[in-house]
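So you can see what is in the structure, the chains are spelled out below.
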Amino acid sequence: MTVKMRDQKHADYQLDGETLTIGGSMTLGSLKEFLDYVEQAFRNYRGKTVIFRLDSLQEADTAGISAIHHIREKLTERGIDVKIDGPPPDIQQQLSTLSDEQIFAKSPGKKWGFMERIGRNMSHILREYILSYLEIAAEITYWSMVDLFKKKTHRKGEVVNQAVLMGVNAALIVGAMSFIIGLVLALQSAAQLRAFGANIYIVDLTVIAMMSEMGPLITAIMVAGRSGSAIAAELATMKVTSETDALRTMGLNPVRFVMVPKMHAGILTMPFLTILADVTGILGGMLIATSSLGISPLVFLNRMEESLLLKDIIFGIIKSLVFVYLIVITGSYFGTQSDKGASEVGKVTTSAVVVSISLVIVADSIMGLLIY
Amino acid sequence: MIEVDGLSFEIGDKLILNNISFQVQRGDITAILGSSGSGKTTVLKHLLGIYRSPGNVVTVLGKNPSEIDEKEQKSFYKQIGVLYQEGALLNSMTVGENLGLPLEQHSDLPAPLIEDIVRMKLHQVDLDGTYEKFPSELSGGMLKRAALARAIVMDPPLLFCDEPGAGLDPITMSTLDQLIMDLHKQLGMTVVMVTHEVPSTLNMADQVVFLDKGSSIFKGTPKSALKTSPAIVQDFFARGLGK
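Values in this document were obtained by computation on a predicted structure and should not be read as measured data.

**Here we look at the overall build of chain B**
Each helix and strand counted, chain B has nine helices and nine strands in total. Against the 2.2 N^0.38 benchmark of 18 Å for 243 residues, chain B shows a C-alpha radius of gyration of 18 Å, consistent with a compact globule. Taken over the C-alpha atoms alone, chain B extends approximately 55 × 45 × 30 Å along its principal axes. Put simply, 62% of the contacts in chain B that link residues at least 6 apart link residues at least 24 apart.

**Quick word on the overall build of chain A**
Summing up its helical and strand segments, chain A has 13 helices and six strands in all. Burial statistics for chain A: of 372 residues in total, 38% are counted as buried. Considering only intrachain contacts with a sequence separation of at least 6, the fraction spanning at least 24 residues in chain A is 83%.

**Observations regarding the domain arrangement of chain A**
As assigned here, chain A comprises domain 1 (2–104) and domain 2 (152–371). Measuring from the centre of the C-alpha atoms in domain 1 of chain A to the corresponding centre in domain 2 of chain A gives 65 Å.

**Here we look at helix α5 (residues 140–151) of chain B**
All names here are of chain B. Over its 12 residues, α5 runs 17 Å from end to end, which matches the ideal 16 Å to within 8%, given 1.5 Å per residue. Across the 12 residues that make up α5, a large majority, nine, are buried. Every buried residue belonging to α5 is among Leu 143, Lys 144, Arg 145, Ala 146, Ala 147, Leu 148, Ala 149, Arg 150 and Ala 151, and all of these are buried. In this structure, the buried side of α5 is in contact with β5 (80–83), α3 (95–106), α4 (111–124), β6 (158–162) and α6 (170–187).

**So, the sheet that holds strand β1 (residues 2–11) of chain B**
Residues and elements named next belong to chain B. Read from one edge to the other, the open sheet built from three strands follows the order β2-β1-β4, with strand pairing classed as antiparallel. The sheet terminates laterally at β2 (14–24) and β4 (58–60), the two strands that pair on one side only. Between one strand and the next, the sheet's axes are offset by a mean angle of 25 degrees, whatever the strand orientation. Note: β1 against β4, three bridges, orientation antiparallel. Of the residues in β4, the one forming a bridge with Val 4 is Val 58. Relative to β2, helix α1 (residues 40–47) is tilted by about 60 degrees, and along the sheet it contacts β1, β2 and β4.

**Some points on the confidence of the model for chain A**
A residue-level look at chain A finds 91% of positions with pLDDT of 70 or above and a mean pLDDT of 86. Counted against residues more than four places away or in other chains, residues 1–8 of chain A, with its pLDDT under 50, gives 13 contacts.

**Quick notes on the interface of chain B and chain A**
Every contact between the two is made by 16 residues of chain B and, on the other side, 11 residues of chain A. Where the side of chain B that touches chain A is concerned, the elements lending two or more residues are α2 (70–77), β5 and α3 of chain B. The greatest single-element share of the side of chain B that touches chain A, amounting to four residues, is contributed by α3 of chain B. Along the lines of polarity and charge, the residues of the side of chain B that touches chain A split into 10 nonpolar, three polar and three charged.

**Examining the pairing of β2 of chain B**
Residue and element names in this part refer to chain B. Here eight bridges tie β1 to β2, and the two strands are oriented antiparallel to one another. When the bridges of β2 are listed, Glu 3 appears paired with Gln 23. Between β1 and the antiparallel strand that follows it, β2, lie two residues; Gly 12 among them carries a positive phi value of about 65 degrees.

**Details of the sheet that holds strand β7 (residues 190–195) of chain B**
All names here are of chain B. Strands sit in the order β5-β6-β7-β3-β8-β9 across an open sheet of six strands; the sheet is mixed. Unpaired on one side and paired on the other, β5 and β9 (215–220) mark the two borders of the sheet. Strand-to-strand twist in this sheet, taken as the mean axis angle between neighbours without regard to direction, amounts to 15 degrees. Direction of pairing for strand β3 (residues 29–34) relative to β7: parallel, over a ladder of five bridges. Bridging across to β7, Ile 32 finds its partner in Val 194.

**Section: the nonpolar core**
Ranked by size, the top nonpolar core spans 131 residues in total, and within it Leu 47, Ala 147, Ala 149 and Phe 160 of chain B carry the most contacts. Sorting elements by how many residues they give to this core places helix α8 (residues 201–240) of chain A first, with 19 residues. Each residue touching Ala 149 of chain B, except ones within four places of it in the same chain, is listed here: Leu 99, Lys 121, Leu 122, Gln 124, Val 125 and Leu 127 of chain B. One finds Tyr 13, Val 38, Ala 67 and Ile 71 of chain A within the second-largest nonpolar core, a separate group that totals 18 residues.

**Let's talk about the packing of helix α7 (residues 171–195) of chain A against helix α10 (residues 254–292) of chain A**
Where α7 of chain A contacts α10 of chain A, the two axes come as close as 7 Å, and the packing angle between them is 35 degrees. For the crossing formed where α7 of chain A meets α10 of chain A, the hand is right-handed.

**What to know about the packing of α8 of chain A against α10 of chain A**
Residue and element names in this part refer to chain A. Two elements in contact, α8 and α10, have axes whose closest approach is 7 Å; the angle formed by their N-to-C orientations is 145 degrees. For α8 against α10, the interelement crossing comes out right-handed. Considered class by class, the residues forming the contact of α8 with α10 number 17 nonpolar, six polar and two charged.

**Remarks on the environment of Phe 315 of chain A**
Residues and elements named next belong to chain A. Within the secondary structure, Phe 315 is located in helix α12 (residues 310–337). In this structure, the C-alpha to C-alpha distance between Phe 315 and Leu 370, residues 55 residues apart in sequence, is 11 Å. The contacts of Phe 315, once residues within four sequence positions are left out, are Ser 212 and Ile 371.

**Side note on the confidence of the model for chain B**
Detailed reading of predicted coordinates is not advised where the pLDDT is low. Within chain B, residue pLDDT values average 87, and 100% of them lie at 70 or more. Overall fold confidence for the complex sits at a pTM of 0.71, while the interface term, ipTM, reaches 0.72.

**Focus on unusual backbone geometry**
All names here are of chain B. Its identity as a non-glycine residue notwithstanding, Asn 19 has a phi of 55 degrees, on the positive side. Judged by the 12 C-beta atoms lying within 10 Å of it, Asn 19 is exposed. One non-glycine residue, Asp 155, lies in positive phi territory at about 50 degrees.

**Brief notes about the environment of Met 115 of chain A**
As for its placement among the helices and strands, Met 115 of chain A is situated in helix α5 (residues 114–146). For Met 115 of chain A, a count of 8 C-beta atoms within 10 Å corresponds to the exposed category.

**Some points on the environment of Lys 32 of chain A**
All names here are of chain A. With respect to the secondary-structure elements, Lys 32 resides in helix α1 (residues 31–42). By C-beta crowding, Lys 32 is classed as exposed, having 11 other C-beta atoms within 10 Å. Once the C-alpha coordinates of Lys 32 and Leu 276 are considered, the two residues, 244 residues apart in sequence, prove to be 66 Å apart.

Rules of the game
Residues numbered from 1 in each chain as written. Chains lettered and ligands numbered in written order. Predicted model: local features only at pLDDT ≥ 70, side-chain atom pairs only at ≥ 80, totals over all residues. Helix = DSSP H or I, 4+ residues; strand = E, 2+ residues; numbered from the N terminus. Rg over C-alpha atoms; globule rule 2.2 N^0.38 Å. Contact = placed C-beta atoms within 7 Å. Buried ≥ 20, exposed ≤ 12 C-beta atoms within 10 Å, placed from the backbone. Domains from an automatic or database assignment. Expected span 1.5 Å × (residues − 1). Pairing = 2+ DSSP bridges. Axes fitted to C-alpha atoms, helices over the stretch in contact; angles between N-to-C directions. pLDDT = per-residue confidence, 0-100. Nonpolar A, V, L, I, M, F, W, Y, C, P; charged D, E, K, R; others polar. Core = buried A, V, L, I, M, F, W, Y, C linked by C-beta atoms within 7 Å. Left-handed = near helix turned anticlockwise from the far one by under 90°.

This is the structure:
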């Protein structure tokens, strides 16, 4: 069979008995038809030997040589003895190179049993993820406490700068989202409460839900998305550009210089953001209470005073501090774990947000079970 | 000033460095040379303490840089300047702030004096007028010079350069080489340069350490590298000179 290519170079190949003659120009462009022909030709081949006659092969690129080698290997696996006859010297040399087993060597890999695989994977997760996460958490926690009383461990004004980025700049979105959540929460409840004539309890529901649960949670989710991702991206980028190495070789600890100011800023601003979320959420609830259930703002506020306990407020703030701690640690962990490369920055940013939010929800449920 | 004695390093099962040994004398310019993947930057990271090395295998200024405790680190790193391949200036800070950072952290100098020192250093590297600029506003050559200025802002006795000419055109690279030589003379610095640039090495280095596949196969002067070294070294130098 002869296949003509547009550039006048063509491959010639024919299986005649036990001889496969390959000639002409065996290059990338001609391989598809060649491989299809060979598959078809050898499908029902019953012989024990095949001779590859290559004396008329004028040209072969790496793809062509690899294809010849590949077919030889396939036939050998079927128990067919393959002989190469008459290749030009340069083709022979390339074929010899491909015969080097080291090029294609794959590590044999031990086969592990099911339980062994579970054990190995758990051990890997523990070592690579959990222990290194705890290590960075310990380091950030330690230096966050020590550096409250020390100067010159980070840039002057950095805590304020981070507080603006994490807190002030998030205020609008946190307030808006919490207002909507409060509104929706009250809306969903209003219909049910009206049916039982228990309209007034919308106040209790909205206030307690916002103060002890929804306010801290919504705030944490927004902060994880904004600041958790930013922390991970910043640290990953610093790693890619050797900035963290540069800090170390200037005698500066990257944890103290970069991560501790963020922790201080988060601890400072998160309670205020949470209170903002609580207030705007309650306002959303008040709007529905007034418009759908006929409860006046004054009645709403009086009822709120009766139903709101100090412990709900304090518990909400404690939750917010735990959440911001988890967000900063998780963002820092993923940022420092990234490998070099631009694509890694995207990956660790996504992971930081997803894991932060997951940890926040888990922590929320644990604290809820403990308190209530 | 620097002593490396039998440094070996593995990552997983792969041997990255194999029994590297060399010394750097005070006042010398030493070039650690080799092709890509030969282990040059890995040696540098050991010298900087970024990678751990046991015992007395690596000593810089009399200490193992990876085993210095937190309290000694500041005084140790005050004596070292590092010019990274990508510059490694902090992108969130201006050039002036980048150069001022080591002075702020390691000294009690007042802010106006720090600014004066920084401006002098920028003048030394011919970057007047860049004090308020951010690293992203600088060209490749300017970024390298700014990074060099930061590396020498404390007048350290020891300067490490990681592929200083990487990514630069020949003229800019030559300018940077001349700058390093001038600063070496003016400040009496010892310089360790990781590079694969043969012309720079021949112009600047007092000593060459040649690495191949993680092993040190030649130590000597650039002249002897051209004439009496192993063939692979001569070939490297010849190709580097375009022969």
